[in-house]
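Residue-level structural notes
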Amino acid sequence: MNTQKKRKSLVSCLLMLLLLVITCSSITAQANSSYEFPVIEATSDFYVNDFAGLFTEEEKASMMERAIELEEEYGGIQVVVTTVKTLDDCLIEEGEKDIEQIAYAMFKQYGIGQDDMGILILFASEDRIMRIETGYQMQTYITDAKAVELRDKYGMEYFRNNQFVEGIISLQKATISEIKSEVPQDWKPLIGDKKETSTRENNNGVVQTNTAKADSKKNGISGAMYAIWTALIAMLVGLGVAIRGLFSTKSKANAEKETYEQEFASLRKSTSKKVQEAVDVNSETWRLAMEQQKSAYEKQCSELSSKIEGQIKTLESKEREILRLNQELSGKKAELEKMEDTYSRIKTLHPDLDFENEVKNMIENEFKASAENVDEQIAQIANLTADKDKINVFDEAIRVYQSASADVQKYVNTDVGKLRRLYEESVSLRREYERAEQEKRDRATAKSAFEKMGAIVSGISFGNYENYETLDRAYKVYTGLSSAEKNYFPDMAIVEKIKSLRATAEADLKDFNTAKEAEKDVRRIVDRIYTAHEEDQDSLERAMRYYRNLTSAQQRYFSSDLERKVKHFLDEAEDDHRRKEAERRQRKEEERRRKEREEAERRHREEERRRRQREEEERRRRQSSSFSSSSHHSSSHSGHRGHGGRPSGGGATGRF
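Residues numbered from 1 in each chain as written. Predicted model: local features only at pLDDT ≥ 70, side-chain atom pairs only at ≥ 80, totals over all residues. Heavy atoms only, no water.

For the rest of this paragraph, the subject is the pattern of salt bridges. All chains considered together, the criterion is met by 44 salt bridges. For Glu598, the salt bridge goes to Arg594, with nearest N and O atoms at 2.1 Å. Of the two residues, Glu598 and Arg594 both sit in helix H17 (residues 560-622), four residues apart, roughly one turn of that helix. Since its relative accessible area comes to 38%, Glu598 is described here as partly exposed. Assessed through its relative accessible area of 29%, Arg594 is described here as partly exposed. Overlapping salt bridges bring together Glu535, Asp576, Arg579, Lys580 and Glu583 as one network. (Salt bridge = Lys/Arg side-chain N within 4 Å of Asp/Glu carboxyl O. Helix = DSSP H or I, 4+ residues; strand = E, 2+ residues; numbered from the N terminus. Buried < 20%, exposed > 50% of the residue type's maximum accessible area, 1.4 Å probe, protein only.)

Set out below in structure tokens:
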């Protein structure tokens, strides 16, 4: 019972494994089918298929020499370069394929490298994309990460700068050098990876494999056994293909992981650098802000200290003033106490004396004595007459009266009102005298200005830029007079004449200055030209516009020699322009003809490509059904050929 269960379990496992293998084989076959399609045949050069026409013969010969040398020294390792304008140029059949599919199909069709040890560099110039496709066994030495490194380090910088030839040559050299450094000259194919089929050519030149030989023996095997073996072989092949696909996917994933890790490390380093720079900038900004705040704080403290010191000095001064006033107050109090004591003793000694009346009479007598003194000083002055030269005398008498107290002024007998009238009359006489003297001076100044203006403009009958300064100086003599002096100017006709001549001279001076400024601008252009060419035409036309924008009056002051020089240079530049324009038209016509020839050649090549495509389709139709079209394409050229190498699907693609 247990044995039967075990058998059932084993059968179930085998069925599940068989189903899984068949499913994987089906999926893998479907995936690989998108990579199996015919592409453009290799040229007879094989190592350098320059369909885009990028290389010279010398460059192509040098590249082929390096590739052939590698193959001879390293037992069949091949590096092939294919250039096209667009990826569509690679396709024989209509459809859309990406560069990975095209590179895979091209590698397989060309059979690059002995025992899968080859590399294909596919470059599309107008699509601006390239790919490095590595052989199945070459993946052991040139990994996807290494292919990415070769692409970025030796090719992409050239491609981005449109240096296609330099980039491809650099990439080929670097690839060959990398192979020589990584692969030993006595390399051997990996165990189990060497092809199990051998190739030969039949009498028609068609490649056959041992599988084809096995097909010839198929009739000797029963149908059932043949079906079993076919299924078993399909399972094993599907399983091998699936495993290889898994390893290839893992290799690609590892390469992408390594690339992402490098980019992440570079990004982290760049970010750290930028963060540090930002921190440094912010630290410096913070330090400067703190220094500014410290400076402002110290300045504010200094101002407050100065203000406090001033307040302290003011308080000290006030304290000294208060002390002085207190001392004076103490003295006054002492005098008052002394006077009160004297008054008390007098009252005690003379109780019957009317002390208040006595004091009052004594004070009035003092006032009268003071008033008599004032009368003695001002009485004689009051008897004088008004005079412009006695203003100070009358003013002094009035101030003597005003300096006395009101009690003294009551006893003054002199007529103070008369004194004030005499003072006012004297002031009026002084004003009248000064007015008359000022009038004399104004008349004399106006007369002197008139004579000076006449002397300056004598002999000037018209105004121009040469006598503008003279006329302006004469006019300023009049404008420099005051309004009172202008009222006494003898003859205004000369002022109007000078004013008119000055306006004419000023306009002429403006024309002269404008012409000279235009001359400077023109000389700056002309002085750097010895022989005029087409490139000088715009600047010479600008120079001529400077002259033509002047008025006729301004052109009178423009250098006639300079004008002739500009016209001469402009004629030379125009002649040179006409000559070069004719040359440009001729070159344009030649370019148009060249493009027409190129278009004709392109159409011819397109027709040739279509013809070859039709011939290839016809050849494939005639080919035996036992051979796959994608596996047995062979070069129609006589020359170098591949060794049947298989692509790995790995490598590196780059857009630029």
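Looking at the element boundaries, Glu485 is found in helix H13 (residues 483-487). Comment: no salt bridge for buried Glu485; closest opposite-charge side chain is Arg441, at 7.8 Å. Dropping the residues within four chain positions of it, Glu485 is found in contact with Asp442, Thr445 and Ala446. (Lys, Arg positive; Asp, Glu negative; His and termini not counted. Contact = heavy atoms within 4.5 Å.)

Another aspect to go through is the nonpolar core. By size, the foremost hydrophobic cluster in this structure holds 59 residues, and its most contacted members are Ile77, Met106, Ile119, Leu122, Met138, Phe159 and Ile179. When residues of this core are traced back to their parent elements, those giving at least two are helix H2 (57-73), strand E2 (78-84), helix H3 (99-110), strand E3 (118-124), strand E4 (129-135), helix H4 (144-160) and helix H5 (164-182). Ranked by residue count, the leading element in this core is H5, at eight residues. Residues in contact with Leu122, not counting those within four places in the same chain, are Thr82, Leu87, Cys90, Ile99, Ile102, Ala103, Met106, Ile129, Met130 and Arg131. In this structure, Met453, Ile456, Tyr475 and Val477 belong to the second largest nonpolar core, which totals 18 residues. (Core = buried A, V, L, I, M, F, W, Y, C linked by side-chain atoms within 4.5 Å.)

Mapped onto the fold, Arg66 is located in helix H2. With near-sequence residues (within four places) excluded, Arg66 lies in contact with Ile169, Gln172, Lys173 and Ile176.

On the surface, a cluster of nonpolar side chains totalling about 270 Å² of accessible area is made up of Leu304, Ile308 and Ile312. Of note, Leu304 is situated in helix H7 (residues 223-349). (Patch = residues over 30% accessible without salt bridge, like charges linked within 9 Å, V, L, I, M, F, W, Y side chains within 5 Å. Areas by Shrake-Rupley, 256 points an atom, 1.4 Å probe, with all protein chains shown as cover.)

Turning our attention to helix H14 (residues 492-526). Taking 1.5 Å of rise per residue, 35 residues should cover 51 Å, and H14 covers 51 Å from first to last C-alpha, within 8% of that figure. Residue Asp491 occupies the N-cap position of H14, its side-chain oxygen lying 3.0 Å from the main-chain nitrogen of Ala493. (Expected span 1.5 Å × (residues − 1). Polar contact = N/O pair within 3.5 Å; in protein donor to acceptor, adjacent residues only side chain to side chain.)

Strand pairs in the sheet, formed through backbone hydrogen bonds, run parallel or antiparallel to each other. In space, the five strands of this open sheet follow the order E1-E2-E3-E4-E7, with mixed pairing throughout. Looking at the sheet topology across the chains shown, the edges are occupied by strand E1 (48-50) and strand E7 (647-655). Between one strand axis and the next, the sheet turns through 10° on average, direction left out of account. Looking at chain direction, E4 and E7 are connected through six bridges and run antiparallel. Each bridged residue has a counterpart across the sheet, and for Gly135 the counterpart in E7 is Pro647. (Pairing = 2+ DSSP bridges. Axes fitted to C-alpha atoms, helices over the stretch in contact; angles between N-to-C directions.)

Okay, the environment of Ser170 next. By the secondary structure assignment, Ser170 is in helix H5. C-alpha separation for the pair Ser170 and Tyr154, spaced 16 residues apart in sequence, amounts to 5.8 Å. Once residues within four sequence positions are removed from consideration, Ser170 is found in contact with Tyr154 and Tyr158. From its side chain, Ser170 meets the backbone oxygen of Tyr154 in a polar contact 3.0 Å long.

This part takes up the packing of H14 against helix H15 (residues 537-548). Viewed as axis vectors pointing N to C, H14 and H15 meet at an angle of 165°, and their least axial separation amounts to 9 Å. Viewed along their axes, H14 and H15 adopt a mutual orientation that is roughly antiparallel. At the point where H14 passes H15, the crossing takes the left-handed sense. Contact residues: H14 offers Ala518, Asp521, Val522 and Ile525, while H15 offers Ser539, Leu540, Arg542, Ala543 and Tyr546. For the contact of H14 with H15, the per-class residue count stands at six nonpolar, one polar and two charged. (Parallel < 35°, antiparallel > 145°, perpendicular 65-115°, else oblique. Left-handed = near helix turned anticlockwise from the far one by under 90°. Nonpolar A, V, L, I, M, F, W, Y, C, P; charged D, E, K, R; others polar.)

Okay, the packing of H4 against H5 next. It is the contact of H4 with H5, at a shortest axis distance of 7 Å, that shows an interaxial angle of 155°. Between H4 and H5, the angle is such that the two are roughly antiparallel. As for the relative orientation of H4 and H5, their crossing is right-handed in sense. Contacts between H4 and H5 pair Lys146, Leu150, Arg151, Tyr154, Gly155, Tyr158 and Phe159 from the former with Phe164, Glu166, Gly167, Ile168, Ser170, Leu171, Ala174, Thr175 and Glu178 from the latter. Split into classes, the residues belonging to the contact of H4 with H5 amount to eight nonpolar, four polar and four charged.

The next point concerns the environment of Ile168. With respect to the secondary-structure elements, Ile168 resides in helix H5. Under the relative-accessibility criterion, Ile168 is labelled buried at 1%. Residues Ile168 and Met156, spaced 12 residues apart in sequence, show a C-alpha to C-alpha distance of 9.5 Å. The residues contacting Ile168, other than those within four sequence positions of it, are Leu54, Phe55, Met63, Val81, Thr83, Phe123 and Phe159.

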